[in-house]
Amino acid sequence: MDLLNNVVQGLLLGGLYALFATGLSIIFGVMRLVNLAHGDLSVIAAYVALVAVDVLGLNPFLSLVLVVPVMFILGYGLQRFVLNHTLEGGPMPPLLVTFGLSIIIQNLLLEIFSADSRGLDAGRIEDAAITVTSRLAVGWFPMLTLVVAVTVLAGLQLFLERTQLGRGFRATSDDQRAAQLMGIDNRHLYSLALAIALATVAVAGVFLGIRTTFSPSVGPTRLIFAYEAVIIGGLGSLWGTLAGGMVLGVAQTIGAQLSPGWAVLAGHLVFLAVLVFRPNGLFIRQAAV
Amino acid sequence: MSLLSLTDINSRYGTFQALFGVELRVDEGEIVAVIGANGAGKSTMLKTVVGIMRSPTGEVRFAGRPVGHLPVHQRVSLGMSLVPEGRRVFPSLTVRENLLVGGWVKRPGPWTVTKILQLFPLLERRIDHPAGNLSGGEQQALAIGRGLMANPRLLMLDEVSLGLAPIVVRHLYAAIPAIVEAGTTILIVEQDIGQALSVADRVYCFLEGKVALSGRPRELTREQIAAAYFGV
Amino acid sequence: MSASTYRVVRSSRASRIGLAVGALLVAGLAVLPYAAGSGTLRTLISFLTLVTVAQMWNLLAGYAGLLSVGQQAYIGLGAYALWVLADEVGVHPFVAVPLAGLIVGLIALPTAGLAFRLRGGYFAIGTWVIAEVYRLVIANIQAVGGGSGVTITAASHIARATRQNVTYWLALAVAVGTIGLVYGILRSRLGLALTAIRDDETSAESLGVHVFRTKLWVYVLSSFGCGLAGAVIYLNLLRIQPDAAFSVNWTALMIFVVVIGGVGTIEGPIIGAILYFILQETLADYGSWYLILVGLVAVVITLKAPRGLWGLLTERRPVHVFPLQRHVRIDASGEIPPVSGRPRSACADE
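A few points on the structure. (Residues numbered from 1 in each chain as written. Chains lettered and ligands numbered in written order. Predicted model: local features only at pLDDT ≥ 70, side-chain atom pairs only at ≥ 80, totals over all residues. Heavy atoms only, no water.)

The next subject is the overall build of chain B. For chain B, the helix and strand inventory stands at 9 helices and 12 strands. Taken over the C-alpha trace, chain B has a radius of gyration of 17 Å; the compact-globule value for 232 residues is 17 Å, and the two agree within 12%. For chain B, the spread of C-alpha atoms along the principal axes amounts to about 50 × 40 × 35 Å. Here chain B holds 232 residues, and 56% of them are scored as buried. Within chain B, contacts between residues separated by at least 24 positions form 68% of all contacts whose residues are at least 6 apart in sequence. Summed over all atoms, the accessible surface of chain B reaches about 9,400 Å², with 53% contributed by carbon and sulfur. (Helix = DSSP H or I, 4+ residues; strand = E, 2+ residues; numbered from the N terminus. Rg over C-alpha atoms; globule rule 2.2 N^0.38 Å. Buried < 20%, exposed > 50% of the residue type's maximum accessible area, 1.4 Å probe, protein only. Contact = heavy atoms within 4.5 Å. Areas by Shrake-Rupley, 256 points an atom, 1.4 Å probe, with all protein chains shown as cover.)

Structure, rendered in structure tokens:
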């Protein structure tokens, strides 16, 4: 029965990973940019929430009203003024710049907030749980997290499918040059893509900040989890990414059950297995176009 | 008044100069064709007009103002539309979505999705299919329709006939009078000389990056055109 | 074709001077242990291993376009291979260093099979995950010390001065050897294949260049170099902890040195390593502000001077200490033989 418990906890955790992963996958889809500072940017979101909670006395959930716009603007500015300048000249410049940003962000956070682990306190909801059977209790907070994750993903899916801007993103993803010929200002569009990606990452960062503690150095681990969810799920599919996040979550909770040191490793091993046996991802039928 | 005029255009790819002092003019309501062999600089000229490439010298004027310093998307907003060589439809978007993205720049004018489907009825039954699944001819019709969705004053067509069966090409060219009638000026780049001369009011022949010949099709002789085309 | 005769030459004045200066420098460095103190040797060992790993990253990323963020895997594995050979198998620690490099090269071969399933930026993070897997596996196995690591006891039994001097010579040999290796590769058929791939992977493939095999070779050789460096670094430090040995900071360091020095040149990583050491000596007291500065420098150089410091220095007048270009010298009539085909740049834009 413990297995069932682990699977349920893992699925709930997976929603959160999927939120992280979606941001990564949007910016890769639209501008072929792999952002090595992705995890660190999510840590910034958690610290912005921390400041909102500490200084303004906001509830962590309510802090999202502040954190999401802040990250949206940060994303727009970062793309507009820094990353847009890396897009000519192959894959090396964006990689180097985002890697440099990762180091800058980690050390700035370290300088401002110290290396101590911090957490966001959401109060009683963190411990409340529904007891399904004597062995299986499902926490309200993890459930809320999954509901929020699915809602955000569904919203993004609708946005990409039904709105003109969403179509612009997909058109740019298909053929950047042809999209420009339609009158699309690709620099503006790219900046909006990173803004939207960081807004979703903001949600993920705050929820993860409530769930576990964070410190300035946890960004790379989060980048890796997000990345694994994307690859396990298969590139270019939001629901695939959700499934990928869930597979990763389940692997980690089951790994943790075997030995605490194996949690992360189990996730990595599932990722490597997917790479060997299903390089296009578990949930994509055909080869990626 | 001329809608588009190029003076002293010398576009280059790095160290390779593709155009040499090109002068060209398109008047409102005209159909102008640019013919020439592969590598003569025809596509480079279109890229320079739309802003994918820039000429270090000279001037590109559109609708009475210099546009040489503007980025592509601003030139498109001013009312020029390029249907690129190789069609380049958005393969993962449906036909309808391709057309809607074509209307990204909202300029007033007659063209809507419905009007495009009347112009190219073959697209009707494919409307919700991904454009990547379309045949070459259907994709070319879609690319032209997508270019019209912005209601451009000038529609530029780059090698419409490339890789298509003659009957398909005739079908596509049959749509051109309707486009002109709706108030759009057309600049065609074409390797298929016969097709180009049959619709054009005026023609330019490019040879090795230069304008080798220009005039009205009826006033040019076969020999003149052959000489300008092949450089013999 | 004109009747003029011409030769294809590679050496230039700068390269002949460079060779002479280089030989003198290496000779000077080789006799240094007889003059310098222990502190200086320690610094130089770090410097030389940094030059080595930076050369290896440059070979991988700058020449083969394999943007790995996971080369720390091979530093860590080199360290642990040294420990296994020296302490468990009983090989003399000095002999164990080259063997550790070979073992690491062998491990890199199947690892490449995995990593090569990913491209570009995803390859980068993938290599990082693979390095994490090596770290976590070792940290979870108590027989290899687990999370707290191991000490190379066999090496700590050697007299301190002897150990340090020999470690220094090994570091020097590895650094000079890897520079020579990169130089040799670039002058060989493999180097020509790399240039072809860098220019256009698809047409290189159609011309019969084995893209996969070429990249595989580079990956394995680069990992071999990092393995050697890892073994030398830990022969100096003696205590191996998985978190430190497999830290991504190793790769961050390689990238920083290559970027500030100049990507895709042999001179770049050397210049970069020198600059990094100057920065470190003067600013390391500022702690995290120093690292912020390092990050900023890397970002600004990537954006504003993508060819690095060496690129800036030689912008006006190209200097090639390591002669890799082929120059055509006209002997008789002074006519330049015709080049067939349009220049490549003519078709750069689709």
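Attention now moves to the overall build of chain C. Looking only at helices and strands, one finds 15 helices and 4 strands in chain C. The buried share of chain C, reckoned over its 350 residues, is 50%. Sequence separation of 24 or more characterises 80% of the internal contacts of chain C that already satisfy a separation of 6 or more. Counting only carbon and sulfur atoms, one obtains 64% of the accessible surface of chain C, whose full area is about 16,000 Å².

A separate point is helix 5 (residues 140-162) of chain A. All names here are of chain A. Taking 1.5 Å as the rise per residue, helix 5 with 23 residues should run 33 Å; its terminal C-alpha atoms sit 32 Å apart, in good agreement. Phe141, Pro142, Thr145, Leu146, Ala149, Leu153, Leu156 and Phe159 are the residues of helix 5 that are buried. Among the structural elements, helix 1 (2-31), helix 3 (60-81), strand 2 (137-139), helix 6 (164-174), helix 8 (186-211) and helix 10 (238-258) are those in contact with the buried residues of helix 5. (Expected span 1.5 Å × (residues − 1).)

To continue, consider the sheet that holds strand 6 (residues 59-62) of chain B. Residues and elements named next belong to chain B. The strand order across the open sheet formed by 4 strands is 4-1-6-7, and the pairing between neighbours is antiparallel. Each having just a single partner strand, strand 4 (22-27) and strand 7 (65-66) make up the two edges of the open sheet. Pairing of strand 1 (residues 2-9) with strand 4 involves 5 bridges; the strand directions are antiparallel. Each residue of the ladder has a partner; that of Leu4, found in strand 4, is Val26. Each of strand 1, strand 4 and strand 6 is contacted by helix 1 (residues 42-50), which is oriented at about 115° to strand 1, the strand it contacts most. (Pairing = 2+ DSSP bridges. Axes fitted to C-alpha atoms, helices over the stretch in contact; angles between N-to-C directions.)

A positive phi angle, close to 65°, is found at Ser114 of chain A, a residue other than glycine. Within the element layout of this structure, Ser114 of chain A appears in the loop between helix 4 (92-113) and strand 1 (129-131). Judged by relative accessible area, which is 30%, Ser114 of chain A ranks as partly exposed. Residues other than glycine seldom take positive phi values, yet Asn151 of chain B does so here, at roughly 50°.

This brings us to the nonpolar core. Leu4, Leu24, Met45 and Leu187 of chain B are the most contacted members of the largest nonpolar core, which has 225 residues in total. Considering each element in turn, this core owes the most residues, 16 residues, to helix 8 of chain A. Apart from the residues within four sequence positions on either side, Leu187 of chain B is in contact with Leu4, Val26, Val32, Val34, Met45, Leu46, Leu154, Leu155, Met156 and Leu157 of chain B. By size, the runner-up hydrophobic cluster in this structure holds 35 residues, among which are Val113, Phe120, Leu142 and Ile144 of chain B. (Core = buried A, V, L, I, M, F, W, Y, C linked by side-chain atoms within 4.5 Å.)

The final tally for this structure, using the stated rule, is 21 aromatic pairs over all chains. Seen in terms of ring centroids, Tyr227 of chain A and Phe271 of chain A are 5.5 Å apart; in terms of plane orientation they differ by 55°. Their pairing is tilted. Of this pair, Tyr227 of chain A sits in helix 9 (residues 219-233) while Phe271 of chain A sits in helix 11 (residues 262-277), and the two are 44 residues apart along the sequence. Relative to Tyr219 of chain C, the ring of Tyr74 of chain C lies with its centre 5.9 Å away and its plane at 85°, an arrangement referred to as edge-to-face. Note that Tyr74 of chain C is positioned in helix 3 (residues 72-89) and Tyr219 of chain C in helix 10 (residues 211-237), a separation of 145 residues in sequence. Tyr219 of chain C matches Tyr74 of chain C in its accessibility class, with the two residues each being buried. Members of the aromatic cluster, each reached through a chain of ring pairs, are Tyr74, Phe116, Phe123, Phe212 and Tyr219 of chain C. Lying over the aromatic face of Phe90 of chain B, Arg146 of chain B brings its terminal NZ or CZ to 4.8 Å of the ring centre. It is Lys210 of chain B that lies over the ring of Phe20 of chain B; its NZ or CZ is 4.8 Å from the centre. (Phe/Tyr/Trp six-rings, centres within 6.5 Å; stacked < 30°, edge-to-face > 60°. Lys NZ or Arg CZ within 6 Å of the ring centre and 35° of its normal.)

The next thing to look at is the sheet that holds strand 5 (residues 31-36) of chain B. Residue and element names in this part refer to chain B. Strand order in the open sheet formed by 6 strands is 8-9-10-5-11-12, and the pairing between neighbours is mixed. Two strands in the sheet have a free side with no partner beyond their single neighbour: strand 8 (80-83) and strand 12 (210-215). On average, adjacent strands in this sheet sit at an angle of 15° to one another, irrespective of strand direction. Two strands pair when backbone bridges link them, and strand 9 (residues 154-158) and strand 10 (residues 185-190) are joined in this way by 5 bridges, in the parallel orientation. In the sheet register, Leu157 faces strand 10, and the bridge partner there is Ile188. Running at roughly 170° to strand 8, helix 5 (residues 136-148) makes contact with strand 8 and strand 9 of the sheet.

When two helices pack together, their arrangement is given by the angle between their axes and by how far apart the axes lie. All names here are of chain A. Contact pair helix 5 / helix 8: the axes reach a minimum separation of 11 Å and the direction vectors enclose 175°. The pairing of helix 5 with helix 8 is recorded here as roughly antiparallel in orientation. Taken together, the residues of helix 8 that come into contact with helix 5 (itself represented by Phe141, Pro142, Leu144, Thr145, Val148, Val152, Leu156 and Phe159) are Ile196, Thr200, Val203, Phe207, Ile210 and Arg211. Residues belonging to the contact of helix 5 with helix 8 are distributed by class as follows: 11 nonpolar, 2 polar and 1 charged. (Parallel < 35°, antiparallel > 145°, perpendicular 65-115°, else oblique. Nonpolar A, V, L, I, M, F, W, Y, C, P; charged D, E, K, R; others polar.)

Turning our attention to the packing of helix 2 (residues 38-63) of chain C against helix 12 (residues 249-261) of chain C. Residue and element names in this part refer to chain C. Two elements in contact, helix 2 and helix 12, have axes separated by 9 Å at closest approach and are oriented at 80°. Here helix 12 runs roughly perpendicular to helix 2, going by the angle between their axes. Contacts from Leu50, Val53, Ala54, Trp57 and Asn58 of helix 2 reach helix 12 at Thr251, Leu253, Met254, Ile255, Val257 and Val258. Across the contact of helix 2 with helix 12, the residue classes tally to 9 nonpolar, 2 polar and no charged.

Turning next to the interface of chain C and chain A. Opposite the 37 residues of chain C that make contact, chain A presents 43 residues. The interface formed by chain C and chain A holds 0 salt bridges in total. Here chain C and chain A share 7 residue pairs in polar contact (both at pLDDT 80 or more) between them. Of all the secondary-structure elements, those providing two or more residues to the side of chain C that touches chain A are helix 2, helix 5 (120-139), helix 12 and helix 14 (288-304) of chain C. (Salt bridge = Lys/Arg side-chain N within 4 Å of Asp/Glu carboxyl O. Polar contact = N/O pair within 3.5 Å; in protein donor to acceptor, adjacent residues only side chain to side chain.)

What follows is about the interface of chain B and chain A. Contacts between the two partners involve 20 residues from chain B, matched on the other side by 19 residues from chain A. Roughly 1,900 Å² of surface becomes buried between chain B and chain A when both sides are summed, with 64% attributable to carbon and sulfur atoms. Per-residue buried area on chain B facing chain A is highest for His73, Phe90 and Trp104 of chain B; these three make up 33% of the total on that side. In this assembly, chain B and chain A are joined by 2 salt bridges. The salt bridge partner of Arg170 of chain A is Glu97 of chain B, with a shortest N-O separation of 2.7 Å. For the interface between chain B and chain A, the tally reads 4 residue pairs in polar contact (both at pLDDT 80 or more). Those elements giving two or more residues to the side of chain B that touches chain A turn out to be helix 2 (72-77) and helix 3 (95-102) of chain B. (Buried area = accessible area lost by both parts, 1.4 Å probe.)

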